[in-house]
Amino acid sequence: MIRIATVEGEQQQNDGKHWTIDISIDSNPVASSSKKLPNFHQGSARSLFHSKGKDNEGIIVGTTTIIGGGIIWCKRMNDVLDLIVVTTTSVLLYSINNGQMTKTQVVVLDDNAASFWYESQSKTLVVGSYTGNLPRNLRESISEGVISSENMGRGNASSSTVSFPIAVMAMKTLFFKGDSPTFQTLPTFAVGTLREKTIEDNGETSSQQARQDSDNFTIDDRSDVEENIIFPTEISLFNLYGSIYCVEIGSLGNGHGIGLTELDSDSSCIRVRQHKIENLSMNAESVSVGAIDNLLCIISRNDKVTHFIDVADIFSDDRRVPRESIEVRELVEGDMSIYDEKISFLAPSYFLNTNDQGLLYQVGISLPLIVKSAPPTACIIPFLLRRNAPKDTIRRFIMERFSALIEARDLVSLKQWIGVITRQYARNERAANWDYESTISLLSKSSLVGFDRTADVDKMSTVGEVMLPDSSCVETLTQTEMLQMILLPHAMIGVKEASSEKLRLVSSLSVHYLIELERLFLIPCVALEMLVITLLLKAGEIDELASFLSARQTQRTITRRRRQLDLPTTNRLYSEYPGAAAFGETLFLVATNSETKPPSPIKSQLISLGTIILMECGATSIAVKCLLNAGQVNDAIAICSKRSKGHKEADEVKGIGSQAKDFFRVAAITAKGQTESDRCKSFYHLHCFLKQYDPTCFSLDKRKVKVHRIGEKSAFRKDISTVVVEQSVLAHEIRFPDELFSSPYCRKLRSMFGYAESVKL
C-alpha cells in the first residue's frame, strides 16, 4: 500500500490532498484522508468493480508486490509530479497535476521482475526479470525425462566441461521524457548470458530442480543454483558522458569480464561490449563498481587494486585506442587504505568510514596517479582531453607523454598516436575552423629563422602562450596545440643542439602528421606546412624536400585545372587557405635567409612556390617586392609585364613600393655576377620594361646634386660642390654602376637611362 499526501504552504493543512494506492487490490489512486483509509476489503463495492479489466492491467491480485525501493518521484515541467511504481508484474506511472492524481501508463512485464535500476539524471529505468537460458525444445526434453539434466554438457568422467548459466536476466528499458508523461522503450536485452564456467566433472555440480524450474527462477533460490547465474548486485546503471550504460561484473568465463551495454535513446538501439580483466576476482562480495569523472571504477577489495575504464575508448571503433583498463595500486602513504574492512564504497563515488563517527567522503580521481599508472606507449591523449581537470594540467600531461616517446625515439608509437589524434580532430569541424586562423601567428616561429640559439628552450616549455580553443573544441588536440606544445619546442631543441638525429625524428613526425590530416581531407595549417619545409631543410633531407615542394606545385596545378573544367575535387587552392599570403612571404624569407642557406635548386623551388601562392592570393605587389628582394629581377619584370595591361594593377604595384629605382637597384646587384655582354642585355631589357611600366622615370628634371671636384694643386684633395644638373628622375634617385661597364657601353647606357655626363670640375 502507498499513501500520498500534499502539503500546502509552510504548515500542513487539514484540507491537503491525500491518496491511497493498494496494489494488492487496485492500482488506481483513491482519494482519502489523513485519518481514514478507503474501504479496500474483499467484497466492498470498490474491490468488486475494479478487481478486473483494463483499469487493473498489470496487477495480479494477491500476487503483485512492490519491489523494494520501487517508488520513484520525478518532476516534469510546469510543476507536474510523476510517480513511478515498480512492481513484480508491471511498472505503474502516476501524475499529480492541479491537485489531481491519475494513473497515466501501465507497462506490463513479460516475466516477473527480480530487480530494477534507475538513473535519475536521465530518468532511465531498467527492470530485470529472470528467464531461462535453454532452448525451448531442450527444456521440454529435460522436463519429459528424455535427457538427464545432470548430464547436460558433460563428457566422460575424467574430462572438464563448460557449464553455461541456466538462467539469465532480461532487461527492459524505459526512458521517461522530461516534458510529457510518455516514455520510450528500447529492445529488451539480456545480461548474464556469457558466464560460462569450466568445472571438473567428478560429481554433482548443479541442482536438477533448479534446471527444471529455471523459467520461474527467483532471487530467493540463490542457494540452489550454480555460481555462474547473475544476481542483481552484479548489475549497475551509470550515466557516463551523457549516455546510459548498464554494467555487468563477472560477465565472461570464470567471472573476469565486464559487460557494458550502452542504451542509446536517440538511435533507439543498444550497443554491447565485453571487456576482459585477467587475474581479477570478480564477485559481488569483493568488487564494488562506481563512476568517477565519467570513468567506470572497479574496486577489488581482495586484490587491493582499482581499475579505471573509459567507456568512450571501449566503444570506439578506432583499434589504435587502448581498451585495457588502467590499473592503479598505489596509495598515498599515511592515508587509510580504501580496501580496509572499515571502508565501504557507496556508488557512484562515495566512501563511508564506519569507524568512530562514520564519516562520508566524496572522492575524485587522481589524474597524476592514473597517468603514471598507464603504459607509456598507450595513446591516452583522448582519455586525458575528456577529463574534468584544468586544461593547463591536461596539456602538461600530454607534453610529458609525447616528450617521453620522442626522447625514446619511438616513432612507431608516435605515428600511432598521431593517427588517433587526427581522426578525433576530423570529427570536430569547429576545431579545424578555429585552427586556420590561430596558427597564422606561428608562421614566423615555424620558419625557425631568427631563432635565438642561446635562448633557454625546454621540452616542457611551450612556444608562446598556448592558445586554447573554445569549449566546443576542448576534447580535441588542435594543430595549434600540436605545434606550440610538441613539434615546435622539440624542433627548436634540435636546432639549438645541432642534433641532426632529433631534427630528422621531428621532421618525420611532422610529415606524418601532415599526411594524416590530408588523408582525412583536412587542410594542414600554413604553420605546419612551413615547419615541415624548414625541418626537412635543416635535417638535410634535400631530396625529400624537393619532392615535397614539387608535389605541392603539381597538386595546385591539377586543382586549378579541374576547377577551370568544373570537375569535382576535394583539394583547395592556396587562395582558399587562411594566411596563405603570409605563408608565401615566409617561403621567400626561408629561401633568402643566410641561416638556412638552401641549395640553389631548393631556393628556386621555394621562390617559385612562394610566387605562385602570392599571385594566386592576388598579392601581386607583395610577390614583386619579394622577388626583387630575392634578386629575381627578371621574374619580377615578367609579372609586371603581364599585369601592365591592366593599368589599375600596375599603379597598385608602383604605389606599394616597387618603383623603377627598385628594379634598377636589383638589376645592378645581379649584374655583378654576370659577364659584360649579359649585363648589357639585362639593362637593355630593363630599359624596355621601365619605358612601359613607368615612363615618368625617364622625364628630365633639374635638381641640385653634390659632385666631387678635384683640386688643381693636389690630386688627392677632394672638395664637394653643389651644382644644378638636368637628368632623368631615375638618375636623380639612384647611382649608375659605372664600374660594371667599359667606357663605350657605360656612356650608351647612361644616355639610355637619362644620366647626365660625369661632371668634373
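Owing to the predicted nature of the structure, the values given are computational and were not obtained by experimental measurement.

Enquirer: What should I look at first to understand the overall build of the protein chain in this one?
Expert: On a plain count of helices and strands, the protein chain comes out with 23 helices and 27 strands. By the burial criterion, 48% of the 761 residues in the protein chain qualify as buried. Carbon and sulfur atoms make up 48% of the accessible area of the protein chain, which amounts to about 37,900 Å² in all.

Enquirer: Quick question: what am I supposed to make of the nonpolar core here?
Expert: Inside soluble globular proteins, nonpolar side chains tend to come together where they are buried. In terms of nonpolar packing, the biggest core is built from 129 residues, with Phe 402, Phe 663, Leu 690 and Phe 753 touching the most fellow members. The biggest single contributor to this core is helix 13 (residues 526–538), with ten residues. Residue contacts for Leu 690: discarding those within four places in its chain leaves Ala 660, Phe 663, Pro 695, Cys 697, Phe 698, Leu 730 and Phe 753. In this structure, Tyr 130, Met 169, Ile 235 and Cys 246 belong to the second largest nonpolar core, which totals 19 residues.

Enquirer: Honestly, empty space enclosed by the protein in this entry has me stumped. Any pointers?
Expert: Once rolled over the atoms, a probe with the size of a water molecule shows which space is left empty. Inspection of the entire model under this criterion finds two cavities of 30 Å³ or more. What lines the largest cavity is a set of 14 residues, and nearest its centre among them are Asp 82, Ile 84, Leu 93, Phe 176 and Pro 181. Those elements that provide at least two residues to the lining of the largest cavity are strand 5 (81–87) and strand 6 (90–97). A total of three residues in the lining of the largest cavity trace back to one element, the largest contributor, which is strand 6. Residues of the lining of the largest cavity, tallied by class, amount to six nonpolar, four polar and four charged. Taken as a whole, the second largest cavity holds about 50 Å³ of empty space.

Enquirer: Looking at this model, I keep getting lost on the sheet that holds strand 25 (residues 360–362). Mind explaining?
Expert: What links the strands of a sheet is backbone hydrogen bonding, and the strands pair in either a parallel or an antiparallel sense. Read from one edge to the other, the open sheet built from three strands follows the order 23-24-25, with strand pairing classed as antiparallel. Two strands bound the open sheet, and with one partner strand each, they are strand 23 (343–346) and strand 25. Going from strand to strand, the sheet's axes swing by 25° on average, the running direction of each strand aside. Direction of pairing for strand 24 (residues 350–353) relative to strand 25: antiparallel, over a ladder of three bridges. The residue of strand 25 that forms the bridge with Phe 351 is Tyr 361.

Enquirer: What am I meant to see in the pairing of strand 21 (residues 305–309) here?
Expert: The two faces of a sheet get side chains in turn, since along a regular strand they alternate between them. Among the five residues of strand 21, five are classified as buried, and the element is accordingly described as predominantly covered. Every second residue of strand 21 is oriented toward a common face, with Val 305, His 307 and Ile 309 on one face and Thr 306 and Phe 308 on the other, all of them buried. As paired elements, strand 20 (residues 295–300) and strand 21 share five bridges and run antiparallel to each other. Within strand 21, the position partnered with Leu 296 by the bridge is Ile 309. Linking strand 20 back to strand 21 in an antiparallel pair, the connection comprises four residues, with Lys 304 at a positive phi of about 50°. Pairing geometry for strand 21 and strand 22 (residues 326–328), over three bridges, is antiparallel. By the bridge assignment, Phe 308 is partnered in strand 22 with Ile 326.

Enquirer: Looking at this structure, I do not really get the packing of helix 11 (residues 479–497) against helix 13. What am I missing?
Expert: Helix-helix packing is characterised by the crossing angle of the two axes and by the distance between the axes. In the contact formed by helix 11 and helix 13, the axes pass within 11 Å of each other and the chain directions differ by 15°. With respect to their mutual orientation, helix 11 and helix 13 come out roughly parallel. Pair helix 11 / helix 13 crosses with left-handed handedness. Within the contact between the two elements, helix 11 uses Gln 479, Leu 483, Leu 487, Leu 488, Ala 491 and Val 495 and helix 13 uses Ala 527, Leu 528, Leu 531, Leu 535 and Lys 538.

Enquirer: What should I look at first to understand the pattern of salt bridges in this one?
Expert: Between side chains of opposite charge, a pair can form as their charged atoms come close. Going through the model one piece at a time under the given rule, you end up with 22 salt bridges. Across the pair Arg 423 and Asp 317 runs a salt bridge, and its minimum N-O distance is 3.4 Å. Within this pair, whereas Arg 423 is found in helix 8 (residues 411–426), its partner Asp 317 is found in the loop between helix 4 (311–314) and strand 22, the two being separated by 106 residues in sequence. With relative accessibility at 28%, the residue Arg 423 sits in the partly exposed group. Assessed through its relative accessible area of 52%, Asp 317 is described here as exposed. Asp 738 is the salt-bridge partner of Arg 750, the closest N and O atoms lying 3.0 Å from each other. Within this pair, whereas Arg 750 is found in helix 23 (residues 743–752), its partner Asp 738 is found in the loop between helix 22 (729–733) and helix 23, the two being separated by twelve residues in sequence. Classification of Asp 738 as partly exposed rests on a relative accessible area of 27%. Taken together, the shared-partner salt bridges connect Asp 293, Asp 310, Asp 313, Arg 386 and Arg 387 into one network.

Enquirer: Got a minute to help me understand the environment of Thr 89 in this structure?
Expert: When you line up the elements, Thr 89 lands in the loop between strand 5 and strand 6. On the accessibility criterion, Thr 89 (8% relative accessible area) is buried. Along the chain, Thr 89 and Leu 109 lie 20 residues apart, while their C-alpha atoms are 5.5 Å from each other. Aside from chain neighbours lying at most four places away, what touches Thr 89 is Gly 58, Ile 59, Ile 60, Thr 64, Val 107, Val 108, Leu 109 and Asn 112. Separated by 2.9 Å, the side chains of Thr 89 and Thr 64 make a polar contact.

Enquirer: Just to check I follow, could you spell out the sheet that holds strand 2 (residues 18–22) for this structure?
Expert: With respect to topology, three strands assemble into an open sheet ordered 1-2-3, the strand pairing being antiparallel. The open sheet has two edge strands, strand 1 (2–5) and strand 3 (26–31), and neither has a second partner. Geometrically, the sheet is characterised by an average inter-axis angle of 15° between neighbouring strands, direction not taken into account. Sheet analysis places strand 1 next to strand 2, joined by four bridges and oriented antiparallel. Looking across to strand 2, one finds that Ile 4 is bridged to Trp 19.

Rules of the game
- Residues numbered from 1 in each chain as written.
- Predicted model: local features only at pLDDT ≥ 70, side-chain atom pairs only at ≥ 80, totals over all residues.
- Heavy atoms only, no water.
- Helix = DSSP H or I, 4+ residues; strand = E, 2+ residues; numbered from the N terminus.
- Buried < 20%, exposed > 50% of the residue type's maximum accessible area, 1.4 Å probe, protein only.
- Areas by Shrake-Rupley, 256 points an atom, 1.4 Å probe, with all protein chains shown as cover.
- Core = buried A, V, L, I, M, F, W, Y, C linked by side-chain atoms within 4.5 Å.
- Contact = heavy atoms within 4.5 Å.
- 1 Å grid on protein atoms, 1.4 Å probe; cavity = no way out; pocket = protein on both sides within 12 Å on 5 of 7 lines; lining within 4 Å.
- Points joined across faces, edges and corners; volume = space filled by probe spheres on them.
- Nonpolar A, V, L, I, M, F, W, Y, C, P; charged D, E, K, R; others polar.
- Pairing = 2+ DSSP bridges.
- Axes fitted to C-alpha atoms, helices over the stretch in contact; angles between N-to-C directions.
- Parallel < 35°, antiparallel > 145°, perpendicular 65-115°, else oblique.
- Left-handed = near helix turned anticlockwise from the far one by under 90°.
- Salt bridge = Lys/Arg side-chain N within 4 Å of Asp/Glu carboxyl O.
- Polar contact = N/O pair within 3.5 Å; in protein donor to acceptor, adjacent residues only side chain to side chain.

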